[in-house]
Amino acid sequence: MIATLLVIPLTLLGMQQQDSIAARLEGRVSPGIATLVQQLGVAASARGLPVDPLIQKAIEGSAKGVPAERVATAVRWVAMQLDTAAAALREGGVTTDTLVIAAGEFAISAGLSNHDITALARTGASVSSLTVGLRVAGTLAAMGVPSAENIGLISAKLRSGQPTGDLLLVPARVQAEIARGVTPAQAAAGLERAAAAQARHGPPPGRGTPPPHPPSPPHP
Amino acid sequence: MSEHEFHPLVKQLLDGDITLADLPADLRAEGEEALRLLAAVDRSVVSVPAVTWRVMAGLEQRRRRVRPWLLAPALALAAALLLWIMPAKPAAPALVTVRFVLAAPDAHEVSLAGTFNRWDSHATPLVRSGPTGVWTATLTLPAGQHQYAFVVDGVRWVPDPGAPAVDDGFGRRNSVLTL
């Protein structure tokens, strides 16, 4: 009887997930891709993984006119990266949270390794800060910042306990340094040194509080 | 079992309603016989056969198995699971206004497709500003990480030259926006 009571909600969960995924895919992907995403999505959800990246990748591929078999390969690849990210986060002592796993998956797709994810997880930052840190690290990787400097900078920022708004400004600061003629690695290393010095001596006057404005858009 | 049936008056005698002297003479022998048989009955306590007790014990155990207090933890767990699977309403993320710009002098139409509009290439058209061929769109997006691309003339997917980009898994590049 107890087993029955446990099985019923789990069955409802699977059915609810399938319906939700089917509704989001309706009219956007072929029936074959929809079935695949439903299967992968229910299995991913049962493992505590986010489903949204799978749905997004399927819709993206179909919107771009990519052949169905290639869309299927890409969706399976995302599912594998989600598993890798979740395992790396667990290795770093972070329990499962779909947002942070999705952020880890993005960071991996941008070029970071599972060891990089684990290193950031071991900073002891809160899950919300770590989520932002992973997104920013992925963005820096996409900008060409090598892993060593990237993880060094983001780890220093996370350990400093600064507001996440400050973390979100890092890509724009790296971009500004690159525009001044330094390499992405040099830009990140310089910001890491500044973050370490700030951690030792405290924030400069007028800093240490959340920025009053949202982060700059890509085209201010 | 004997099929002998006593006379009704003899039965009254056995029930104690009448005495042996009250019986007619022709029934007295039968009455005496009935009293003798009654006296011979073993009146010691008779134990219920063990099998009966086993059956009764089984019924008792079965009754114990469905006691409500034992169901309480299972019901609580089931309720917790149902609450867990019900989608919790997440806190609304902060919104950030972003201006997208693409220089495409030869384009007839430019739109924006990405994770924020379910990659719908018709949902977010850019507006051509002046004769320079600069196309712009201003959106308010939730804080988080977004991927996108410009769609030129409905067919050409172009990453934002002013933003970092990642492999999209299909041989192209997606621009990345972290807010």
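From a predicted model like this one, the values you see are computed outputs, not experimental measurements.

## Some thoughts on the overall build of chain B
- The secondary structure content of chain B amounts to four helices and nine strands.
- The N-to-C order of helical and strand elements in chain B reads α-α-α-α-β-β-β-β-β-β-β-β-β.
- Out of the 179 residues belonging to chain B, those deemed buried represent 32%.
- Within chain B, contacts between residues at least 6 apart in sequence are counted, and of these 58% link residues at least 24 apart.
- Element-wise, carbon and sulfur atoms account for 61% of the exposed surface of chain B, whose accessible area totals about 11,700 Å².

## Let's talk about the overall build of chain A
- Secondary structure assignment for chain A yields 11 helices and zero strands.
- Starting at the N terminus and walking to the C terminus, you meet the elements of chain A as α-α-α-α-α-α-α-α-α-α-α.
- Scored against the burial criterion, the 220 residues of chain A give a buried share of 47%.
- Partitioning the contacts of chain A with sequence separation of at least 6, the portion at a separation of at least 24 is 69%.
- Of the roughly 10,200 Å² of accessible surface on chain A, a fraction of 58% belongs to carbon and sulfur atoms.

## Some details on the side chain of A:Lys57
- Within the element layout of this structure, A:Lys57 appears in helix H3 (residues 52-63).
- Within the local environment of A:Lys57, its side chain forms a polar contact with the side chain of A:Glu60, the two groups lying 3.0 Å apart.
- Leaving out residues up to four positions away in the same chain, A:Lys57 has contacts with A:Val71, A:Ala74, A:Val75, A:Val78, B:Asp168, B:Phe170 and B:Asn174.

## Focus: the sheet that holds strand S4 (residues 127-129) of chain B
Residue and element names in this part refer to chain B.
- One open sheet holds the three strands; their spatial order is S1-S5-S4, and the pairing between them is antiparallel. In the strand order of this sheet, the two ends are held by strand S1 (95-103) and S4, each with one partner. Neighbour-to-neighbour, the strand axes of this sheet turn through a mean angle of 35 degrees, independent of strand direction.
- Alignment of S4 against strand S5 (residues 134-142), held across three bridges, turns out to be antiparallel. Note on S5: the bridge partner recorded for Val127 is Thr136.

## A short note on the pairing of S1(B)
Residues and elements named next belong to chain B.
- Side chains of S1 alternate between two faces, with Val96, Val98, Phe100 and Leu102 buried and Leu95, Thr97, Arg99, Val101 and Ala103 left unburied.
- Where S1 lies against S5, nine bridges are found, and the strand directions are antiparallel. Across the sheet, residue Arg99 finds its bridge partner in S5, namely Thr138.

## Here we look at the pattern of salt bridges
- One pass over the structure, following the stated rule, counts 10 salt bridges over all chains.
- A:Glu60 is the salt-bridge partner of A:Lys64, the closest N and O atoms lying 2.7 Å from each other.
- Where B:Glu33 meets B:Arg36, a salt bridge forms, and the shortest distance between an N and an O atom there is 2.6 Å. Of the two residues, B:Glu33 and B:Arg36 are both situated in helix H2 (residues 25-39); the distance of three residues between them amounts to about one turn of the helix.
- One salt-bridge network, held together by shared partners, links A:Lys57, A:Glu60, A:Lys64 and B:Asp168.

## Some points on the environment of B:Arg172
- Checked against the element boundaries, B:Arg172 lands in the loop between strand S8 (165-167) and strand S9 (173-178).
- For B:Arg172, a relative accessible area of 33% translates into the label partly exposed.
- Remark: the alpha-carbon pair of B:Arg172 and B:Leu38, spanning 134 residues in sequence, is separated by 108 Å.
- For B:Arg172, the residues in contact, after removing those within four places along its chain, are A:Lys64, A:Val66, B:Trp157, B:Val166 and B:Asp167.

## Some remarks on the domain arrangement of chain A
Residue and element names in this part refer to chain A.
- Domain boundaries in chain A define domain 1 (22-91) and domain 2 (97-201).
- The centre of domain 1, based on its C-alpha atoms, is set 27 Å off from the matching centre of domain 2.
- Every contact between the two is made by 13 residues of domain 1 and, on the other side, 15 residues of domain 2.
- Three residues stand out in domain 1 for area buried against domain 2, namely Gln81, Ala88 and Leu89, and they jointly supply 45% of the buried area on that side.
- Note that Glu91 is salt-bridged to Arg122, the shortest N-O span being 3.6 Å.
- Applying the counting rule to domain 1 against domain 2 returns two residue pairs in polar contact (both at pLDDT 80 or more).
- With nine residues, helix H4 (residues 68-91) is the largest single contributor of residues to the side of domain 1 that touches domain 2.
- Of the residues assigned to the side of domain 1 that touches domain 2, the class counts are nine nonpolar, three polar and one charged.

About the cut-offs
Residues numbered from 1 in each chain as written. Chains lettered and ligands numbered in written order. Predicted model: local features only at pLDDT ≥ 70, side-chain atom pairs only at ≥ 80, totals over all residues. Heavy atoms only, no water. Helix = DSSP H or I, 4+ residues; strand = E, 2+ residues; numbered from the N terminus. Buried < 20%, exposed > 50% of the residue type's maximum accessible area, 1.4 Å probe, protein only. Contact = heavy atoms within 4.5 Å. Areas by Shrake-Rupley, 256 points an atom, 1.4 Å probe, with all protein chains shown as cover. Polar contact = N/O pair within 3.5 Å; in protein donor to acceptor, adjacent residues only side chain to side chain. Pairing = 2+ DSSP bridges. Axes fitted to C-alpha atoms, helices over the stretch in contact; angles between N-to-C directions. Salt bridge = Lys/Arg side-chain N within 4 Å of Asp/Glu carboxyl O. Domains from an automatic or database assignment. Buried area = accessible area lost by both parts, 1.4 Å probe. Nonpolar A, V, L, I, M, F, W, Y, C, P; charged D, E, K, R; others polar.

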